[in-house]
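Each chain, written out:
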Amino acid sequence: MDNNIDFKDLWKKQPVSQPNFEDLLARLKQFKKAALRSLWITNILLIATSIFIAFIWYYYEPQFVSTKIGIIITILTMIIYLVIYNRLLKTYKNIDSTQTNQEYVQTLISIKKKQQHLQSKILSLYFVLLTIGLCLYMYEYASRMTIFWAVFTYAMTLFWMGINWFFIRPKQIEKQQRKINNLIKKFEEVNNQLYS
């Protein structure tokens, strides 16, 4: 009886549960579609908000310079954010069905890096400038209120900004990172199985 068993050969012959590549491509397509939808919604909402703010400036003709500066800072902040955010559009559109697995991974890693830059530096700058713009904008109207209502108005505005910064933003970032990390992991698993 021969006790020399070739474990390596046995290991290679065992059935491997490979991820369904078509399912993976469907998940990638769904990721791309959701990302593009989010990009378009953000564009529409921020452009509409900027137009509304400009309309308020035109219609109500604010008297204080601080109000005008606040409006300008707020609109410029939204425009700058959109210009940087829209750079992701090209990367999303580059995802197509003719790419190799390695190209999918590289594209996803590129998107991940751009998202991290957007979510850290750009979003931080966006919130700081937006807060300054809103506070300057509100000053003219708050100056016409009693001190209680002026403080209450500023407190509620800053409270809402804080909720967005400390609770909503981190959850959105975590959700986006989880999706893209999961896709990268799945494509890397396919690559490892194909080339091992």
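Scroll up a little and you will see the structure.
Fair warning: this is a prediction, and the values are worked out from it, not measured in the lab. (Residues numbered from 1 in each chain as written. Predicted model: local features only at pLDDT ≥ 70, side-chain atom pairs only at ≥ 80, totals over all residues. Heavy atoms only, no water.)

Draft legend 1. Inspection of the layout of surface pockets at higher detail. Quantified by volume, the largest pocket comes out at close to 1200 Å³. Contributing to the lining of the largest pocket are 36 residues, with Ser38, Thr42, Tyr81, Leu123 and Gln172 lying nearest its centre. Of all elements in the fold, only helix 2 (21-60), helix 3 (65-85), helix 4 (87-93), helix 5 (101-142) and helix 6 (147-195) reach the threshold of two or more residues within the lining of the largest pocket. Looking at the lining of the largest pocket residue by residue, the classes come out as 22 nonpolar, 10 polar and four charged. The computed volume of the second largest pocket comes to approximately 210 Å³. (1 Å grid on protein atoms, 1.4 Å probe; cavity = no way out; pocket = protein on both sides within 12 Å on 5 of 7 lines; lining within 4 Å. Points joined across faces, edges and corners; volume = space filled by probe spheres on them. Helix = DSSP H or I, 4+ residues; strand = E, 2+ residues; numbered from the N terminus. Nonpolar A, V, L, I, M, F, W, Y, C, P; charged D, E, K, R; others polar.)

Draft legend 2. Just the side chain of Ser66, in detail. By the element assignment, Ser66 lies in helix 3. The class for Ser66 is buried, based on a relative accessible area of 17%. Not counting residues up to four positions away in its chain, the partners in contact with Ser66 are Leu136, Tyr137 and Tyr139. (Buried < 20%, exposed > 50% of the residue type's maximum accessible area, 1.4 Å probe, protein only. Contact = heavy atoms within 4.5 Å.)

Draft legend 3. Just the pattern of salt bridges, in detail. Within the structure shown, the criterion is met by two salt bridges. The residue Glu140 makes a salt bridge to Arg144 at a minimum N-O spacing of 2.8 Å. Owing to a relative accessible area of 1%, Glu140 belongs among the buried residues under this scheme. Taking the relative accessible area as the measure of exposure, Arg144 reaches 59% and is therefore exposed. (Salt bridge = Lys/Arg side-chain N within 4 Å of Asp/Glu carboxyl O.)

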